[in-house]
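So you can see what is in the structure, the chains are spelled out below.
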Amino acid sequence: MSDKQSQDQSPMQDHYSHASIESQVQKMWEDNKSFEVTEDPDKEKFYCLSMFPYPSGKLHMGHVRNYTIGDVISRFQRMQGKNVLQPMGWDAFGLPAENAAIKNKVPPATWTDTNIADMRAQLKTMGFAYDWSRELATCKPDYYRWEQWFFLKLFEKGLVYRKKATVNWDPVDQTVLANEQVVDGRGWRSGAIVEQREIDQWFLKITAYADELLDDVRKLEDWPQQVRTMQENWIGRSEGIELEFGLEHTEETLSVFTTRPDTLMGATYLAVAPQHPLAERAAVENPDLQAFIEECKNMKATEAEMATMEKKGFATGVSAIHPISGESVPIWVANFVLMSYGSGAVMAVPAHDERDWDFAKKYKLNINQVITSANETVANSINIEEGAYIEKGVLINSGEFSGLTSQEAVDGIANFLQEAKKGRKTINYRLRDWGVSRQRYWGCPIPIIYCDDCGAVAVADEDLPVELPTDIEFDESGSSPIKKMPEFYEVPCPKCGKAATRETDTFDTFFESSWYYARYTGPDNDKSMLDERADYWLPVDQYVGGIEHAVLHLLYARFFNKLMRDEGLIEADEPFTKLLTQGMVLADTFYYENEAGGQEWVAPKDVTLDTNEKGKVTKMTDPQGRALKTDGMSKMSKSKNNGVDPAELIQKYGADTLRVFSMFAAPPDQSMEWSNTGVEGANRFIKRLWRQVYEHVNSSTAPTTNKIDSAFEDLSNLHQELRRKVYTTLEKVTDDMTRRFTFNTAIAANMELINELSKFNEKGSQADAVRQEAFKTIVLMLSPVMPHVAQELWVKLGNEGLVMDQDWPESDEDALVQSNIQMMIQINGKLRGKVDVAVDADDKKVEALAMENENVKQFIEDKTVRKVIVVKGRLINIVAN
RNA sequence: GCGAGAGUGGCGGAAUUGGUAGACGCGCUGGUUUUAGGUACCAGUAUCUUAGGAUGUGAGAGUUCGAGUCUCUCCUUUCGCACCA
């Protein structure tokens, strides 16, 4: 780019006017294509990605916060000399577009396109450093054709399969509902009670990668511990044994899974899930049992209550044979046993499991203690009639296994069962295979054709993409229009040519968001999904997004990354090296009670607050004079009417103010409380900096060039102190930006420096040179946060070019040198004085100086000094009594 | 119930390695400028106080010359999982 273009020779305005600055600076970036990047093997790359938004129509504060964090990191890394990629796109498939289509009679594609255009314009007003040439939208065929292609690769490899799974069926609208469309067990439009139906759906074998996903999540050291733990729990690996109980009077067996084989000898009954085949068979001749099973099935609705729900059971009348003792153990149906985990049946050891104990007490089943503690005192305190003993210990009442420790018994019993062919060691996962079929319209079509003769057949490569028809109309039922479009689904079989039927289901939208980060590296490629550019940019160095994606999105993206690696498309094992999960944006909530006793929520901007002389709020009123109540801070939402529109604030204060406030109010990973007065404070800060630079520029006798080093010879103390403050601030800010990611303290440190600078009233060319250096450094340090005003001030300070292309300032050792430091004097750990000492003074000298302090003398007058501790450069603690 | 985190002025938050608690900002109080409001600027703002100090980081104990920070017990709260055998 030409430097000329960025030079504005007009005189500096005495006041800060955000509107003209921001539009001019943004235009300059756009004209210069400042954020377009290409692969440069000579430069270190940095790929910074923020989670792409769903194009709902308007930017909200959560977006502003998320994208500002990513942008600050990107711009900082750019100043560190990295080749920075920061792309943006749209997670464009999804249910809201269908809802809008029904409501407004607009096709989802049109609605989505309009929203993307609006939101793109809004993002641009925020001045984010995105490479817009890489923009992608997941609803476009040039994007989703590659996931269709990839799905078929997985199909070939046997990593996808079809099986029956339950869906929510609305019997009135005759359509499948997404979980979000089921409200209190009823269809959201029809109000009909939703039924569960079993239909064939496609699954991805994520369980085949369970071990690798678990092992590798433990290696992601730059991810928040919380997210790693959540993923570990989600995968939920547990080691144990699967064993067979023979059924009495038949040849059949019942398989159960346990992680505590050491307690096997204490198993006094078995419990199976209500859906278990054995339960259903036993119910055929037992109407009471049948009724119990039905009752359990209907309890499904509220999952939250499930955990606290009363444990209930019903005897099947069938008994099993204990695989070791040969004793008869009754089989029960229990409402707490899950059909979906393990084999849907458990062995119950009431002596050593709380839930089994409760159940046994309730139904008067045997409780046999088989574990005791190695510690005699503990062992004597165990009373199995009072409660279960769940610790591991030493086996008793266990025949040949008695005396073994739990640890030894696990292997011993497992080996015994294995040899008897009655069991084997096994690993169970909580993780289920990923069902990717959705019976919705607005999604990527699944590229499969069903033929009566050939079965499920892949769409031929040359027929990809299977394009989703966009010229459609929704009827009142809300069911997918392509399910009623013969021109879409009537196709010949790709194998035999016979008339066949195209799949009309679409992919779960998590499918699109699982690989978009990789596609940004080559979004223009119409020959392949990814190319060699992917290996230049991947993995993503910094990923920024909401904690709500801690499990599903991040797990699926990690899974896809491994799938793509195994397909030879990329090299990296993991997609995201560092992860930053930003906190929620909260705002005050206010309401009054209406006549019906309901809550009417009042927008925070319409509320007047009265305070007492300490600033504590004493009264809240709305414009009609109604006294209001508050429900505290909660996440900005429509339902509580406490949202704040970023567009209005950009208009009023400018993007830089919004950026400064959202970075300053809280550390990025914590929730942030919105405050309108806080925004004004951020704006005041920028205006103050502007005015100070204005006064400096207009009164300066110093050279406005930056050749000021010669001016720093023989500086006075005051001058030296200011320079030291500049460079201690720089060191702190650099640390905050690189290591800590605490942008709030980085901004605070700059505020502190600016406050010092405003008190620095020295005159003369040396003072001006010191000031010039200080302002220049401040502008560089703040430019990632407030890039527009920083650019303008950069030029007004007499510099050339783009501030964002400058190197991050280097520390100056000379400026940091100090001859004297202040040390604290404590007596018995309490602060009693301060003393200035030479930096190189030894401990004896320091101690002597401290003893001379008047206040210290007073305090130790009638005491004996026992000990003196000198912590170099910090404090002296005198221990006396 | 299990797991992880948090608790500091009127509020958001700072204190990074055990070493000046309350940086920075908001709010509030007083003042200057202004016809006035707003803006801007200046000063003050943890609590008690006999004005020497004393107390103070959810509560209680402990380790230490010294604890917001480390250990233990308890309380409150946020988030996640939720009968996972």
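The paragraphs below set out a description of the structure included in this document. Just so it is clear, the structure is predicted and the values come from calculations on it, not from any experiment.

**Quick notes on the environment of W537**
Thinking step 1. Tracing the sequence through the fold places W537 in helix α18 (residues 533-537).
Thinking step 2. Overall, W537 belongs to the buried group, its relative accessible area being 0%.
Thinking step 3. With 17 residues separating them in the primary sequence, W537 and Y520 have C-alpha atoms 9.4 Å apart.
Thinking step 4. Not counting residues within four places of it along the chain, the set of residues in contact with W537 comprises V37, T38, E39, K45, F46, Y47, N83, V84, L85, R134 and T521.
Thinking step 5. Side-chain polar atoms of W537 contact the side chain of E39, separated by 3.0 Å.

**Things to note about the packing of aromatic side chains**
Thinking step 1. Taken as a whole and judged by the stated rule, the model has 42 aromatic pairs.
Thinking step 2. An angle of 50° between the planes, with centres 5.5 Å apart, marks the rings of F128 and Y130 as tilted. As far as burial versus exposure is concerned, F128 and Y130 are alike and both buried.
Thinking step 3. Members of the aromatic cluster, each reached through a chain of ring pairs, are F150, F151, F155, W202, Y209, W434, F507, F510, F511, Y556, F559 and F560.
Thinking step 4. Over the ring of W234 we find R430; its NZ or CZ atom is 4.4 Å from the centre of that ring.

**Some remarks on empty space enclosed by the protein**
Thinking step 1. Applying the stated criterion to the full structure yields two cavities of 30 Å³ or more.
Thinking step 2. Taken as a whole, the largest cavity encloses approximately 60 Å³ of empty space.
Thinking step 3. Around the largest cavity, the lining residues are S34, F35, V37, S74, R75, R78, V84, Q86 and A129.
Thinking step 4. Sorting elements by how many residues they give to the lining of the largest cavity places helix α3 (residues 61-79) first, with three residues.
Thinking step 5. Of the residues belonging to the lining of the largest cavity, the class tally is four nonpolar, three polar and two charged.
Thinking step 6. Lining of the second largest cavity is provided by I102, D173, T175, L177, Q181, W188, R189, R440, S477 and G478.
Thinking step 7. Counted by class, the lining of the second largest cavity contains three nonpolar, four polar and three charged residues.

**Thoughts on the sheet that holds strand β37 (residues 875-880)**
Paired through backbone hydrogen bonds, the strands of a sheet run either parallel or antiparallel to each other.
Thinking step 1. Taking strand neighbours across the sheet as the criterion, the four strands line up as β35-β34-β37-β36 in an open arrangement whose pairing is mixed. Lying at the two open borders of the sheet, with one neighbouring strand each, are β35 (830-838) and β36 (865-871). Across the sheet, the axes of successive neighbouring strands diverge by a mean angle of 20°, strand direction being ignored.
Thinking step 2. In the sheet, strand β34 (residues 820-827) pairs with β37 via four bridges, with the strands oriented parallel. Bridging from a neighbouring strand, M824 pairs with L875 of β37.
Thinking step 3. Of the strands in this sheet, β34, β35, β36 and β37 are in contact with helix α28 (residues 843-852), which crosses β36 at around 120°.

**Some remarks on unusual backbone geometry**
Thinking step 1. Between L464 and P465 the backbone carries a cis peptide bond, its omega angle lying at -5°.
Thinking step 2. Its place among the elements puts P465 in the loop between β22 (455-458) and α15 (486-489).
Thinking step 3. Following L538, the chain continues into P539 via a peptide bond in cis, with omega recorded as -5°.
Thinking step 4. Within the fold, P539 resides in the loop between α18 and β26 (540-546).
Thinking step 5. One non-glycine residue, N641, lies in the positive phi region at around 50°.

**Quick notes on helix α19 (residues 552-566)**
Thinking step 1. Compared with an ideal rise of 1.5 Å per residue, which puts 15 residues at 21 Å, α19 spans 21 Å between its outermost C-alpha atoms and is within 8% of the ideal.
Thinking step 2. Among the 15 residues that make up α19, 13 are buried, leaving the element largely enclosed by the rest of the structure.
Thinking step 3. Following α19 by one or two positions, G568 has its phi on the positive side, about 80°.

**Brief notes about the sheet that holds strand β27 (residues 576-582)**
Thinking step 1. Pairing within the open sheet is parallel, and its four strands lie in the order β2-β1-β26-β27. Looking at strand neighbours, the two that pair on one side only are β2 (83-85) and β27, the edges of this open sheet. Taken pair by pair, the neighbouring strands of this sheet meet at an average axis angle of 20°, ignoring direction.
Thinking step 2. The pairing of strand β1 (residues 45-50) with β26 spans three bridges and is classified as parallel. Along β26, the bridge assignment pairs L49 with Y543.
Thinking step 3. The strands that α3 touches are β1, β2, β26 and β27; relative to β1, the one it contacts most, it runs at about 175°.

Reading the values: rules and limits
Residues numbered from 1 in each chain as written. Chains lettered and ligands numbered in written order. Predicted model: local features only at pLDDT ≥ 70, side-chain atom pairs only at ≥ 80, totals over all residues. Heavy atoms only, no water. Helix = DSSP H or I, 4+ residues; strand = E, 2+ residues; numbered from the N terminus. Buried < 20%, exposed > 50% of the residue type's maximum accessible area, 1.4 Å probe, protein only. Contact = heavy atoms within 4.5 Å. Polar contact = N/O pair within 3.5 Å; in protein donor to acceptor, adjacent residues only side chain to side chain. Phe/Tyr/Trp six-rings, centres within 6.5 Å; stacked < 30°, edge-to-face > 60°. Lys NZ or Arg CZ within 6 Å of the ring centre and 35° of its normal. 1 Å grid on protein atoms, 1.4 Å probe; cavity = no way out; pocket = protein on both sides within 12 Å on 5 of 7 lines; lining within 4 Å. Points joined across faces, edges and corners; volume = space filled by probe spheres on them. Nonpolar A, V, L, I, M, F, W, Y, C, P; charged D, E, K, R; others polar. Pairing = 2+ DSSP bridges. Axes fitted to C-alpha atoms, helices over the stretch in contact; angles between N-to-C directions. Expected span 1.5 Å × (residues − 1).

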